[in-house]
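# Coordinate inspection notes
The chain contents come next:
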Amino acid sequence: MTNTNQRGFKKVLGRIDAIALGFGAMIGFGWVVLTGGWLDDAGTMGAALAMLAGGAIMAVVGLVYGELVAAMPAAGGEHNYLLRGMGARWAFIGSWGITVGYITIVAFEAVAVPRTVQYIFPELSQIPLWTVAGFEVNLTWALLGSLCAVIITWINIRGVKQASTVQIFVIIFLLLVGLMMIFGAFSGGSARNMEPFFDNGISGFFLVLVVVPFLFVGFDVIPQVSEEMNLAPKKLGGTIITSVLLATVWYAAVILATSASLPVEELAVADIAVADAMGAVFNSQAMANLLLAGGLAGILTSWNSLLMGASRLLWALGNSRMLPRWFGKIHPKYGTPVNALLFVGALSFIAPFFGEEMLGWLVDSGSPSIVIAYLLVSIVFVILRKREPDMERPFRIGGRHHGGTAIGILSVVLCAGLAVLYIPGMPAGLGMAPYVIFALWWVLGLIFMFRIPRGIEPGADAEHRLVAAVEARKK
């Protein structure tokens, strides 16, 4: 029989499900469209080393998450850690940051689907509607993304296990495509194509490194669905590290295989560099289209995982009364946060009608919010290590002495360093439009934050005290 906990979630996911959700969330569509730019910015080895360095940073953050999720395996992840260690308002800030990041990427995935399909079927765009930021939106193009939004949302409402099963099969297909690409690079590529190995010096390295928060967002989906995991807490923590390492290997392999397949000057002018590279080594447009099918698989796995993550965070915020209680409803039959799923699904349904350029701004605006959340989780990890040394930690990193605290401090420093890169004028400085959208997201968030009662101190019962305070204020 299905094990259902007292809050209505069904504990049906295992270790493979967890790794598939985390890994699938991270390998979305970025590797398909951005690899050519990375090679042009930093050269083959410069780009590969930047990706390995980014993976190492995320592995440190992943260790922090691994200990916390094993200690507090509850839906909402960051929301629970920050409530316990820093209090209600800090919990809202961290939860809002990661939720904003998830929603912006989910919205963009709805746009990435028709963009990818149009590469294979150039006549997809029919019946012009309007132009947004210079991009002409066509009805048939937008409806394809919206239809996918309906299907993925419906699968997720029907049950987390069904959504995870779809995820596993799609990832298997994606991995097969990746292996074919690597085989093609080794058999039909050339080491001479990989020159220059380094380009633009340290600035090129940082130009690749700054995309890390966007590329690796998703391992933190595992904590969001931890309440639905039928897995020992100690093993649950390890799934995060495994998924981060797999994603790091994937990105580095894609960089090397793409670089070996075509000279960098051809990749720089390619429409979709990775697809053109695969078509070149196999001398087949069909193989390029197959790679795009793999890219489409990456879109679907990322979309599926981040929809899960966003809905669980919205559920946690609604359940604790930080957002309207409507978000805190669990489907009585399927055990899924149905209203939160419908909300995010509706946003992804309308997203394609705003075109590609505007949704790119949304993704850019969401990346700094994700880093803010990672920074706060790293800080609360250090706080809890000091304040609650005897807390049960089934997945304890760094031993029982000061090793774990040192890892937590390192995570704080690394996340702060990533955050600094987004300041205007720095390598990851955003355009004016993303900064404006970032500000609007946080103005909206502050409206909700200031509605949270004051005086809700951190602790294991912080959510109970918060709910009691909100309900008392209504009377």
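The model shown is predicted, which means the values in this text are computed figures rather than measured ones.

Looking only at helices and strands, the protein chain has 18 helices and four strands in total. For a compact globule of 475 residues, the expected C-alpha radius of gyration is about 23 Å, and the protein chain comes in at 22 Å, within 12% of that figure. Expressed as lengths along the three principal axes of its C-alpha atoms, the size of the protein chain is roughly 70 × 55 × 50 Å. A buried classification covers 57% of the 475 residues belonging to the protein chain. Of the accessible surface of the protein chain, which amounts to about 18,500 Å², a share of 68% is contributed by carbon and sulfur atoms. Positive and negative charge centroids in the protein chain, built from 29 and 27 side chains respectively, lie 18 Å apart.

Our next topic: the pairing of strand S4 (residues 135–138). The sheet contact formed by strand S3 (residues 128–132) and S4 spans four bridges and is antiparallel. Considered in S4, the bridge of Val132 is made with Phe135. Hairpin remark: S3 followed by S4, antiparallel, with two residues in the connecting loop; positive phi at Ala133, about 55°.

Its 35 residues place the ends of helix H13 (residues 285–319) 51 Å apart at the C-alpha level, agreeing with the 51 Å of an ideal helix rising 1.5 Å per residue. The element H13 is extensively covered by neighbouring structure, given that 27 of its 35 residues are classed as buried. The N-cap of H13, judged by a side-chain oxygen 3.2 Å from the amide nitrogen of Ala286 a few residues on, is Ser284. Once H13 ends, the next one or two residues include Arg321, with phi positive near 75°.

Right, let's talk about the packing of aromatic side chains for a bit. The full count for this structure, using the stated rule, is twelve aromatic pairs. Pairing Phe92 with Trp96 gives two aromatic rings, centres 5.5 Å apart and planes at 20°, and the pair type is stacked. Here Phe92 and its partner Trp96 are both found in helix H4 (residues 88–120), four residues apart, which amounts to about one turn of the helix. Between Trp326 and Phe327, the aromatic rings sit 5.1 Å apart at their centres with planes inclined by 80°, giving edge-to-face as the arrangement. A residue is classified by how much of its surface remains accessible, and Trp326, at 44% relative accessible area, is partly exposed.

Rules behind the numbers
- Residues numbered from 1 in each chain as written.
- Predicted model: local features only at pLDDT ≥ 70, side-chain atom pairs only at ≥ 80, totals over all residues.
- Heavy atoms only, no water.
- Helix = DSSP H or I, 4+ residues; strand = E, 2+ residues; numbered from the N terminus.
- Rg over C-alpha atoms; globule rule 2.2 N^0.38 Å.
- Buried < 20%, exposed > 50% of the residue type's maximum accessible area, 1.4 Å probe, protein only.
- Areas by Shrake-Rupley, 256 points an atom, 1.4 Å probe, with all protein chains shown as cover.
- Lys, Arg positive; Asp, Glu negative; His and termini not counted.
- Charge placed at Lys NZ, Arg CZ, Asp CG, Glu CD.
- Pairing = 2+ DSSP bridges.
- Expected span 1.5 Å × (residues − 1).
- Polar contact = N/O pair within 3.5 Å; in protein donor to acceptor, adjacent residues only side chain to side chain.
- Phe/Tyr/Trp six-rings, centres within 6.5 Å; stacked < 30°, edge-to-face > 60°.

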